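Analysis of the macromolecular model
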There are 2 protein chains.
Amino acid sequence: MVDLAHAANVERGGVRYISGPPDYPLTFSVCSLVADEARFDRLVGSFRKCGFTAANTEFIAADNRYGNTYDGYEWTRRLYPECRGQYVIFCHDDIELLEDGYDKLVARLDALTLLDPAWVLAGNAGGRFRAAKMVDGKPTRPYAMTVTDKFGSFRMKETFVRAESLDENFFVMRHDRFVGTSFDLTGYHFYASDMCLMGEMLGGSAYVIDFHLRHHGQAAASRAFYKGRAQFREKYARYFPGRVLAPVTGPFELNAGQ
Amino acid sequence: MVDLAHAANVERGGVRYISGPPDYPLTFSVCSLVADEARFDRLVGSFRKCGFTAANTEFIAADNRYGNTYDGYEWTRRLYPECRGQYVIFCHDDIELLEDGYDKLVARLDALTLLDPAWVLAGNAGGRFRAAKMVDGKPTRPYAMTVTDKFGSFRMKETFVRAESLDENFFVMRHDRFVGTSFDLTGYHFYASDMCLMGEMLGGSAYVIDFHLRHHGQAAASRAFYKGRAQFREKYARYFPGRVLAPVTGPFELNAGQ
């Protein structure tokens, strides 16, 4: 690996001197946790139709076709060091691009960098930053999303909304501002929100951006979902006691002993 | 970059499928923030004499020879994606190995992995985990260290001591459990302790290990040191209010508005 070598870098006496920013050979690394090859082929085909070519994009699959080799928290850590793109996209294998493509995503991310140079993560659906609260004992749902899924077709009014949680169907991480996932959480849910909160503690920000796609997922809440949510709430209640979060899968308060 | 490709990985239709753990071509990436080339040449020479060969180790310098291109928080982030080693060593350019070398470090890290599979960082000097406290209004100094420096020659009695801060002169990070540094802290101090606390929040642990070396540094506390310390204390008081930390540069309590 390591072909990020900047033109200014030199090797001398077996030592590599690195100077300047990284020089990425690609714009995007599109990474997916792939359980179903046919779904992933549909994803790749839709990206290719929408301007993500071999010249600007690589596709990398965390291979779960023959069993649950990786969980949600593991696969992004496993794939990040393999990525050569300036931006790393993490997405479900069952998304499909429709009309928004390469040019629009690059334009959105360029504009986001101008708006907030500290951004680290950007997705198409999530909860607004520090906007959720308890009303009559129930958490509010300040969602922002641009997605077509089994619940309907949603477009947010704004182009950029600061977020504190992101849905895992599609999100982008800057290669130069990598954010890890928790080693002490497991499962297939909340790992993007975990990265949002870790990114926030690192001093970075997350956004929902107006970038539309179709998500074919069934979004059924399983026993594993509730177990993962309980883990997540217990962990983050330590650092943000009393904070109310609104992941698009449902809002909750961070309290110990819930 | 990206030559971590596991033997089991296959490319099909322009897509890379990744399975299994990473297969590192090297054991160590020795990374240093290099201001002085002669000091760094001494470092590299001492590593080579102690068993770190071209077959098992690469040396990478963040080039600060011609000015402060990178600060402490930036350079580890910049170099990590360039590293091909299973373990990434971050160290000052003014350390020198004496008798402890490759075999001992590998043995120490193997033993540490057996002792605590959740370890993420290991160094030769730091503060013991959750051991510092206020006594008569003053923070205690539960240090653990194995180093020879201008203050003397120190060897700890234990082989492994769980830590919550590490000195920047020398520390190791697992490639497969990377920990980022804060985007909102700057300067040349406390970035290893920042990684320890971020690693702790991620669910990993840090250790001081008995691995001896010489640190030629002057360790003079500058105005920048106190500025960096104030930033660090203010930030972490948010997440660990009232906690007492004992970096080997001096202990302090994490309190807001200090």
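Residues numbered from 1 in each chain as written. Chains lettered and ligands numbered in written order. Predicted model: local features only at pLDDT ≥ 70, side-chain atom pairs only at ≥ 80, totals over all residues. Heavy atoms only, no water.

Focus on the confidence of the model for chain A
Per-chain confidence: chain A averages 93 in pLDDT, with 93% of residues scoring 70 or above. Low pLDDT, under 50, characterises residues 1-8 of chain A; the predicted model gives this stretch 33 contacts beyond four residues in sequence or across chains. (pLDDT = per-residue confidence, 0-100. Contact = heavy atoms within 4.5 Å.)

Section: the pattern of salt bridges
What the rule picks out here adds up to 34 salt bridges over all chains. Salt-bridge contacts for Arg16(A) lead to Glu82(B); the nearest nitrogen and oxygen are separated by 3.1 Å. Of the two residues, Arg16(A) is situated in strand β2 (residues 15-18) and Glu82(B) in the loop between α2 (72-79) and β5 (85-92); the pairing between them involves two chains. Taken individually, Arg16(A) and Glu82(B) each receive the classification buried, so the pair is uniform in this respect. Across the salt bridge formed by Lys104(B) and Asp100(B), the nearest N and O atoms sit 3.2 Å from each other. (Salt bridge = Lys/Arg side-chain N within 4 Å of Asp/Glu carboxyl O. Helix = DSSP H or I, 4+ residues; strand = E, 2+ residues; numbered from the N terminus. Buried < 20%, exposed > 50% of the residue type's maximum accessible area, 1.4 Å probe, protein only.)

Observations regarding the packing of aromatic side chains
The description of two aromatic rings rests on the distance between their centres and on the angle between their planes. Counted under the stated rule, the structure contains 50 aromatic pairs over all chains. Pairing Phe52(A) with Tyr102(A) gives two aromatic rings, centres 5.5 Å apart and planes at 85°, and the pair type is edge-to-face. On the criterion of sequence distance, the pair formed by Phe52(A) in the loop between α1 (37-49) and β4 (57-63) and Tyr102(A) in helix α3 (residues 102-115) is long-range, its members being 50 residues apart. For the pair formed by Phe52(A) and Tyr102(A), the shared burial category is buried. Grouped by ring-pair contacts, the aromatic residues Phe190(A), Phe225(A), Tyr226(A), Phe232(A), Tyr236(A), Tyr239(A), Phe252(A) and Phe240(B) constitute a single cluster. When the ring centre of Trp119(A) is taken as reference, the NZ or CZ atom of Arg174(A) above it lies at 5.7 Å. (Phe/Tyr/Trp six-rings, centres within 6.5 Å; stacked < 30°, edge-to-face > 60°. Lys NZ or Arg CZ within 6 Å of the ring centre and 35° of its normal.)

Digging into the relation of the copies chain A and chain B
One copy of the chain maps onto the second through a rotation about an axis and a displacement along it. You can overlay chain A on chain B at an RMSD of 0.0 Å; the transform is a turn of 180° with a shift of 0.0 Å along its axis. In symmetry terms, the pair is related by a two-fold rotation axis. When the interface residues of chain A are mapped onto chain B, 98% of them again fall at the interface, so both copies present the same face. (Least-squares fit on C-alpha atoms with pLDDT ≥ 70 in both.)

Some points on the pairing of strand β8 (residues 125-128) of chain B
Of the pairings in the sheet, the one linking β8(B) to strand β11 (residues 143-145) of chain B comprises three bridges and is antiparallel in character. Counterpart to Ala125(B) in the pairing with β11(B) is Met145(B). (Pairing = 2+ DSSP bridges.)

Topic: the interface of chain A and chain B
Listed by partner, the interface residues are 61 residues for chain A and 60 residues for chain B. Buried surface at the junction of chain A and chain B, summed over both partners, amounts to about 5,100 Å²; 59% is from carbon and sulfur atoms. Between chain A and chain B we count four salt bridges in total. Mapped by element, the contributors of at least two residues to the side of chain A that touches chain B are β2, α1, β4, α2 (72-79) and α4 (191-202) of chain A. Ranked by the residues each element gives to the side of chain A that touches chain B, the list is headed by β4(A), at six residues. Per-class residue counts for the side of chain A that touches chain B are 30 nonpolar, 13 polar and 18 charged. Relative to strand β2 (residues 15-18) of chain B, β4(A) runs parallel, the two sharing four bridges. Counterpart to Ala61(A) in the pairing with β2(B) is Tyr17(B). (Buried area = accessible area lost by both parts, 1.4 Å probe. Nonpolar A, V, L, I, M, F, W, Y, C, P; charged D, E, K, R; others polar.)

A look at the nonpolar core
Ranked by size, the top nonpolar core spans 92 residues in total, and within it Tyr236(A) and Tyr236(B) carry the most contacts. Phe47(B), Ala61(B), Ile89(B) and Ala125(B) belong to the second-largest nonpolar core, a separate cluster that totals 34 residues. (Core = buried A, V, L, I, M, F, W, Y, C linked by side-chain atoms within 4.5 Å.)

Things to note about the state of the cysteines
When the sulfur atoms of two cysteines share a covalent bond, that bond is a disulfide. Residues and elements named next belong to chain B. Counted according to the given criterion, the structure contains zero disulfides over all chains. Here Cys31 is not disulfide-linked; the sulfur of Cys83 is the nearest cysteine sulfur, at 3.4 Å. Residue Cys31 is classed as buried on the basis of its relative accessible area, which comes to 0%. The cysteine Cys196 is free of any disulfide, with Cys91 supplying the nearest cysteine sulfur at 16 Å. Given the relative accessible area of 5%, Cys196 is considered buried. (Disulfide = S-S within 2.5 Å.)

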